[in-house]
Amino acid sequence: MKRIVVLISGSGSNLQAIIDACAQQRINGSVAAVFSNKAGAYGLERARAANIPAHALSPKAFADRDAFDYALMDQIDQYQPDLIVLAGYMRILSPTFVQHYLGRMLNIHPSLLPKYPGLHTHRQAIENGDAEHGTTVHFVTEELDGGPVVIQARVPVFAEDSEEELIARVLHQEHAIYPLAVNWFTTGRLSMQNQQAWLDGAQLPAQGHAHE
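Everything numeric in this text was worked out from a predicted model, so none of it was measured.

A.B. asks: Would you explain the overall build of the protein chain in this entry?
C.D. replies: Assigned secondary structure in the protein chain consists of 6 helices and 11 strands. Here the C-alpha radius of gyration of the protein chain, 16 Å, is about what a compact globule of 212 residues would show, namely 17 Å. Seen through its principal axes, the protein chain has C-alpha atoms that stretch 45 × 40 × 35 Å. For the protein chain, long-range pairs separated by at least 24 residues make up 64% of all intrachain contacts whose partners lie at least 6 apart in sequence. When the accessible surface of the protein chain is totalled, it reaches about 10,100 Å², and 50% of it is carbon and sulfur. Counting 15 positive and 22 negative side-chain charges, the protein chain places the averaged centre of each group 5 Å from the other.

A.B. asks: It is not clear to me how the sheet that holds strand β11 (residues 209-210) should be interpreted in this structure. Could you clarify?
C.D. replies: Strand pairing in a sheet takes place through backbone hydrogen bonds and is either antiparallel or parallel in direction. If you walk across this open sheet you meet the 8 strands as β3-β2-β1-β4-β5-β6-β7-β11, and the pairing is mixed. If you trace the sheet from one side to the other, it starts and ends with β3 (54-56) and β11, each paired once. Sheet topology places strand β6 (residues 132-139) next to strand β7 (residues 149-156); 7 bridges connect them, and they run antiparallel. Within β7, the residue paired with His-133 across the bridge is Val-155.

A.B. asks: What is the right way to look at the packing of aromatic side chains in this model?
C.D. replies: In this description, a pair of aromatic rings is defined by centroid distance and the angle of the planes. In this structure the tally under the stated criterion is 4 aromatic pairs. Geometry around Phe-68 places Arg-91 over its ring, the cationic atom sitting 4.4 Å from the centre.

A.B. asks: Help me understand the pattern of salt bridges, please; the structure alone is not making it clear to me.
C.D. replies: Once the charged atoms of two side chains with opposite charge are near each other, the side chains can pair. In the structure shown here, the tally under the stated rule is 6 salt bridges. When the shortest N-O distance is used, the salt bridge between Arg-123 and Glu-163 registers 3.4 Å. Of this pair, Arg-123 sits in helix α5 (residues 121-127) while Glu-163 is found in helix α6 (residues 163-186), placing the two residues 40 residues apart along the sequence. Residues Asp-161 and Arg-169 are paired through a salt bridge, measuring 2.7 Å at the closest nitrogen-oxygen approach. The exposure class assigned to Asp-161 is buried, which follows from its relative accessible area of 9%. Residue Arg-169 is classed as partly exposed on the basis of its relative accessible area of 24%.

A.B. asks: So what exactly am I meant to see when it comes to the pairing of strand β4 (residues 83-86) here?
C.D. replies: For a regular strand, side-chain orientation follows a simple rule: the groups alternate between the two sheet faces. Here β4 shows no split at all, with Leu-83 and Val-85 on one side and Ile-84 and Leu-86 on the other all buried. As paired elements, strand β1 (residues 2-8) and β4 share 4 bridges and run parallel to each other. Looking across to β4, one finds that Val-5 is bridged to Ile-84. Pairing of β4 with strand β5 (residues 105-109) involves 3 bridges; the strand directions are parallel. Bridge pairing links Val-85 to Leu-106 in β5. As for the winding sense of the linkage, the β-α-β connection from β4 through helix α4 (residues 95-100) to β5 is right-handed.

A.B. asks: Any chance you could explain the packing of helix α1 (residues 13-23) against α6 here in plain terms?
C.D. replies: Interhelical geometry of α1 versus α6 gives an angle of 50 degrees and a closest axis separation of 9 Å. As judged from the angle between their axes, α1 and α6 are oblique. Judged by the twist between their axes, the crossing of α1 over α6 is right-handed. Judged by residue contacts, Ser-13, Asn-14, Ala-17, Ile-18 and Ala-21 of α1 engage Leu-171, Glu-174, His-175, Tyr-178, Pro-179 and Val-182 from α6. In terms of residue class, the contact of α1 with α6 is made up of 7 nonpolar, 3 polar and 1 charged.

Each value, and the rule that gives it
- Residues numbered from 1 in each chain as written.
- Predicted model: local features only at pLDDT ≥ 70, side-chain atom pairs only at ≥ 80, totals over all residues.
- Heavy atoms only, no water.
- Helix = DSSP H or I, 4+ residues; strand = E, 2+ residues; numbered from the N terminus.
- Rg over C-alpha atoms; globule rule 2.2 N^0.38 Å.
- Contact = heavy atoms within 4.5 Å.
- Areas by Shrake-Rupley, 256 points an atom, 1.4 Å probe, with all protein chains shown as cover.
- Lys, Arg positive; Asp, Glu negative; His and termini not counted.
- Charge placed at Lys NZ, Arg CZ, Asp CG, Glu CD.
- Pairing = 2+ DSSP bridges.
- Phe/Tyr/Trp six-rings, centres within 6.5 Å; stacked < 30°, edge-to-face > 60°.
- Lys NZ or Arg CZ within 6 Å of the ring centre and 35° of its normal.
- Salt bridge = Lys/Arg side-chain N within 4 Å of Asp/Glu carboxyl O.
- Buried < 20%, exposed > 50% of the residue type's maximum accessible area, 1.4 Å probe, protein only.
- Right-handed = clockwise from strand over helix to strand, strands pointing away.
- Axes fitted to C-alpha atoms, helices over the stretch in contact; angles between N-to-C directions.
- Parallel < 35°, antiparallel > 145°, perpendicular 65-115°, else oblique.
- Left-handed = near helix turned anticlockwise from the far one by under 90°.
- Nonpolar A, V, L, I, M, F, W, Y, C, P; charged D, E, K, R; others polar.

This is the structure:
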């Protein structure tokens, strides 16, 4: 059983999907600990409800990003994780942090990368009149939202959609594909080699595995 550490900043709905998948043995692993940069993040309550160690580190307590990330690495490493999962973690990671966990850190981003890196992706999709939107699981590299793509899920965008409606439609897909990608990693099927994502011994295309 692999050990997973999850980093969050907010409500933790993807964290909950992963906790549930572990409990249902759809992931070959367990969540060893949850960390947040916000003490009030509801995801910490989700962790405590599942008897998972939950920690909050305030960036304000540290001189700079590097100092914060070194402290976070030190605490994470006490749990000896096989995989780091970013689930709505809203801090840009330092190069030192990324390199420390390179090849064993996944993120989920609410767009069809490389389209719309960064924030407000749903709003951009609506404002630009996109016919489809979606979500992407990718390995984390030093390039923001730029690591090799593992899997994407697409959703339609309707003319009458509000931002909230589109967010809900995308989240439904996130809760399906993130546990799937995590399980691929924990069962040894997924890896990052030479800045590319590989699944079952084959290099994935630039857009990753297409989730049906």
